[in-house]
Amino acid sequence: MDEDREPPETDEDAQPEGAEAEDGEAEDSEAGTTRRTFLIRSIAAIGGGIAATVGIPAALFVTGSARAQGDEDTWIRLASTSSIEPNAAPVLMKATVSRRSGYLIEEQEVSVFVTTTDGVVFTVLSNICSHLGCRVRWVDDQDGFFCPCHNAIFGPGGEVVEGPPPRALDQFEVMVEDGQLFFKEA
Amino acid sequence: MSTRMGEWLDQRTGWKGNWTAVFLRKIPKVNWAYTLGSATLFAMVIQFVTGILLTIYYVPDPAQAYASVSYITNDLPFGWLIRGLHHWGASAMVLLAILHMIRVIMYGAYKYPREVTWITGVGLLLITFAFGFTGYLLPWDQRAYWATVVGTRIGEVPPLIGGFIGDLMLGGEEISGLTLSRFFGAHVWVLPSLLILLVAIHMYLVIRNGISAPPKRDE
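What this report covers is the structure whose coordinates are included nearby. Because the structure is a prediction, the values reported are computed rather than measured. (Residues numbered from 1 in each chain as written. Chains lettered and ligands numbered in written order. Predicted model: local features only at pLDDT ≥ 70, side-chain atom pairs only at ≥ 80, totals over all residues. Heavy atoms only, no water.)

## Describing unusual backbone geometry
Thought 1: Going from Y112 of chain B to P113 of chain B, the amide bond is cis rather than trans, its omega being 0°.
Thought 2: Its identity as a non-glycine residue notwithstanding, N87 of chain A has a phi of 60°, on the positive side.
Thought 3: With respect to the helices and strands, N87 of chain A occurs in the loop between β3 (75–80) and β4 (91–101).
Thought 4: Judged by its relative accessible area of 60%, N87 of chain A is exposed.
Thought 5: Residues other than glycine seldom take positive phi values, yet F78 of chain B does so here, at roughly 60°.
Thought 6: As for its position among the elements, F78 of chain B is in the loop between α4 (65–74) and α5 (79–106). (Helix = DSSP H or I, 4+ residues; strand = E, 2+ residues; numbered from the N terminus. Buried < 20%, exposed > 50% of the residue type's maximum accessible area, 1.4 Å probe, protein only.)

This is how it looks when you write it as structure tokens:
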């Protein structure tokens, strides 16, 4: 398709030779357009039209699933609040959510760290390192979250203590209803 | 600007000479029937582009093939267009290739010195049929399934080796995920490789030997 757009230059070079003169047809020199340049430009225009007709839908098609709306805006149930001990080390809690990816509904496991000081207000932290997405784990000795990929350490509240992460661990929105703890990923 | 860049490139690559040899070569006075080869080539380009786009979402797995095709057709933006172009483009390519072949036969264009062009052309037609046959299974719907049952039974017809040919096509005793994945592999890797190779030879010969003028009345 690219090649279709080139000919005008080539034509300007070829024109003085008058290669098409033997045809003798439609030499429209007054307007400065020969039959040859007209045809070449037409081919380029049609080629460009075809390329756009396929190219633009193709771009929308390829980016389609990437632009689709996610379903992260739902409350995910974690556990009953009474099962979470106040002032204990952060506990890794797992929840299973079903996620739609294209035509598939997949069961996914999400893990978060849960802490509370009083059993009333809960903090839910992402276990995903804010640097490059590895999973962090709680290390009692260091009183912090450790990321094994690049030796990052986050404090108990998720703040960066050491290493390359640009920001604290993500903290999620929390809701308590009927003694059950929920969080939202968005 | 672009003229200077063209010059710069030409001094290093000599592209202008090739450009002239391919696109600005002299041809005899011909008619519209002579565009059928280029039309087939154009259909092939469309098949390549749309086919590559389809592989981005298509999954050659018995559990997912139909759902992924349905997702392409019904949910993705312009999926219906991309798949539609590939679907109808396949028929168009077969039709154009056959019309092109009829033109070559009718005008005697297969004769000396163009026999090799003809032979590669026959190879290309067979590859095009193989594309159609293997691609037909990929949507993994009832029509695809039963068409492949029939097609592979035809492959079993030859005496002695027939049974083996059938098993070879199916990747086993009957249609399964193995059949789907080998048809997919053939359709997107094996056949395109062969096609590009043969098209390159075919077109090199067309350019090298030039195209034949329509025969005169008393030839």
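## A few points about the sheet that holds strand β5 (residues 104–116) of chain A
Residues and elements named next belong to chain A.
Thought 1: If you trace the six strands from one edge of the open sheet to the other, you get β3-β12-β11-β6-β5-β4, paired in antiparallel fashion. Both outer strands of the open sheet, β3 and β4, are each paired with one neighbouring strand and no more. Looking at each pair of strands side by side, their axes are set apart by 35° on average, direction ignored.
Thought 2: As judged from the five bridges shared by β3 and strand β12 (residues 180–184), these two strands associate in the antiparallel manner. Paired with R77 across the bridge in β12 is F182. (Pairing = 2+ DSSP bridges. Axes fitted to C-alpha atoms, helices over the stretch in contact; angles between N-to-C directions.)

## A few points about the pairing of strand β11 (residues 171–177) of chain A
Residues and elements named next belong to chain A.
Thought 1: Note: strand β6 (residues 122–126) against β11, two bridges, orientation antiparallel. If you follow V124 over to β11, its bridge partner there is F172.
Thought 2: Where β11 lies against β12, five bridges are found, and the strand directions are antiparallel. By the bridge assignment, V176 is partnered in β12 with L181.

## Focus: helix α7 (residues 142–155) of chain B
Residues and elements named next belong to chain B.
Thought 1: The terminal C-alpha atoms of α7 lie 20 Å apart, and with 14 residues this matches the ideal 20 Å at 1.5 Å per residue to within 8%.
Thought 2: Along α7, the positions that sit buried rather than exposed are A144, T148, V149, G151, T152 and G155.
Thought 3: Looking at the buried residues of α7, the elements they touch are α6 (115–137), α8 (162–170) and α9 (177–209). (Expected span 1.5 Å × (residues − 1). Contact = heavy atoms within 4.5 Å.)

## A look at the sheet that holds strand β7 (residues 137–139) of chain A
All names here are of chain A.
Thought 1: Taken in spatial order, the four strands line up as β7-β8-β9-β10 in an open sheet, and their pairing is antiparallel. Every other strand in the sheet has two partners, leaving β7 and β10 (160–162) as the edge strands with one partner each. For this sheet, the mean angle separating the axes of adjacent strands, direction not counted, is 40°.
Thought 2: Note: β7 against strand β8 (residues 144–147), three bridges, orientation antiparallel. Along β8, the bridge assignment pairs R137 with F146.

## Overview of the interface of chain A and chain B
Thought 1: At the interface, 26 residues of chain A touch 28 residues of chain B.
Thought 2: When the two sides are added together, the surface that chain A and chain B hide from each other amounts to roughly 2200 Å², 73% of it contributed by carbon and sulfur.
Thought 3: Counting across the interface, chain A meets chain B through zero salt bridges.
Thought 4: The tally of links from chain A across to chain B stands at four residue pairs in polar contact (both at pLDDT 80 or more).
Thought 5: Elements with a contribution of two residues or more to the side of chain A that touches chain B: α2 (7–14) and α3 (35–67) of chain A.
Thought 6: Ranked by the residues each element gives to the side of chain A that touches chain B, the list is headed by α3 of chain A, at 13 residues.
Thought 7: A class-by-class count of the residues in the side of chain A that touches chain B yields 12 nonpolar, six polar and eight charged. (Buried area = accessible area lost by both parts, 1.4 Å probe. Salt bridge = Lys/Arg side-chain N within 4 Å of Asp/Glu carboxyl O. Polar contact = N/O pair within 3.5 Å; in protein donor to acceptor, adjacent residues only side chain to side chain. Nonpolar A, V, L, I, M, F, W, Y, C, P; charged D, E, K, R; others polar.)

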